[in-house]
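The residues making up each chain are set out below.
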Amino acid sequence: MSMNIAAFIGSSMLFALFVIVVLFVLINMSSRLALIILLVIPLAFIFVIPDISIAFLSIQQMSLANGLVPVNNFHILLMIWSTLIGVILYTEFLTWYLGKGMRMKKNPDGTIKTGVSAKLDKSVYDAIENFKDILNRKK
């Protein structure tokens, strides 16, 4: 029983450190570098020290449905991967979208665009501003 608790605490600390490193790189450096680290670190451990890595990933943390569904460290790693990849892709998409919006608003000479998309953007922004004004009115 004490071995299971020690394995759980050790695994939790390693996974928390892994998540903290990836999020630190994502926030302070680059989302692409965070994605590379997210994939390379576990794969590097598997190639460099395969016996220890496979033993670590096969540690069973819990079992669900009366022991029919074991949850190993590998499953936890996959959950962390999918969550962090989702966060990284979301930040990439948001950065692209916000950058695209800033480029669409003005021409290179500083004048405001007058194309169909710029008119549509202006009408959407105006509608949102009108809606905000309606919500902010005092009775």
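This text follows the structure it describes.
Model, not experiment: these values are computed from the prediction.

Definitions and limits used
Residues numbered from 1 in each chain as written. Predicted model: local features only at pLDDT ≥ 70, side-chain atom pairs only at ≥ 80, totals over all residues. Heavy atoms only, no water. Phe/Tyr/Trp six-rings, centres within 6.5 Å; stacked < 30°, edge-to-face > 60°. Helix = DSSP H or I, 4+ residues; strand = E, 2+ residues; numbered from the N terminus. Buried < 20%, exposed > 50% of the residue type's maximum accessible area, 1.4 Å probe, protein only. Axes fitted to C-alpha atoms, helices over the stretch in contact; angles between N-to-C directions. Parallel < 35°, antiparallel > 145°, perpendicular 65-115°, else oblique. Contact = heavy atoms within 4.5 Å. Nonpolar A, V, L, I, M, F, W, Y, C, P; charged D, E, K, R; others polar.

The next thing to look at is the packing of aromatic side chains. As enumerated under the stated definition, the model contains three aromatic pairs in all. Summarising the aromatic geometry, the rings of Phe15 and Phe56 are spaced 5.6 Å apart at their centres and angled 45° between planes, so their arrangement reads as tilted. Placement of Phe15 in helix α1 (residues 2–28) and of Phe56 in helix α3 (residues 50–57) is noted, with a sequence separation of 41 residues between them. Judged by relative accessible area, which is 10%, Phe15 ranks as buried. Note on Phe56: relative accessible area 21%, which makes it partly exposed. Note on Phe93 and Tyr97: the rings are 6.2 Å apart at their centroids and 20° apart in plane angle, and the pair reads as stacked. In this pair, Phe93 and Tyr97 are both assigned in helix α4 (residues 73–105), four residues apart and thus about one turn of the helix distant. Within the aromatic cluster, the residues linked to one another by ring pairs are Phe93, Trp96 and Tyr97.

The next subject is unusual backbone geometry. Here Ala65, not a glycine, exhibits a phi torsion of approximately 55°, which is positive. On the basis of relative accessible area, Ala65 is assigned to the partly exposed category, the value being 48%.

In a packed pair of helices, the relevant descriptors are the angle between the two axes and the axis-to-axis distance. Two numbers describe how helix α2 (residues 31–48) lies on α3: the axes approach to 5 Å, and their chain directions differ by 125°. The pairing of α2 with α3 is recorded here as oblique in orientation. Of the residues in α3, those in contact with Phe45, Ile46, Phe47 and Val48 of α2 are Pro50, Ser53 and Leu57. Among the residues making up the contact of α2 with α3, the classes are represented as six nonpolar, one polar and no charged.

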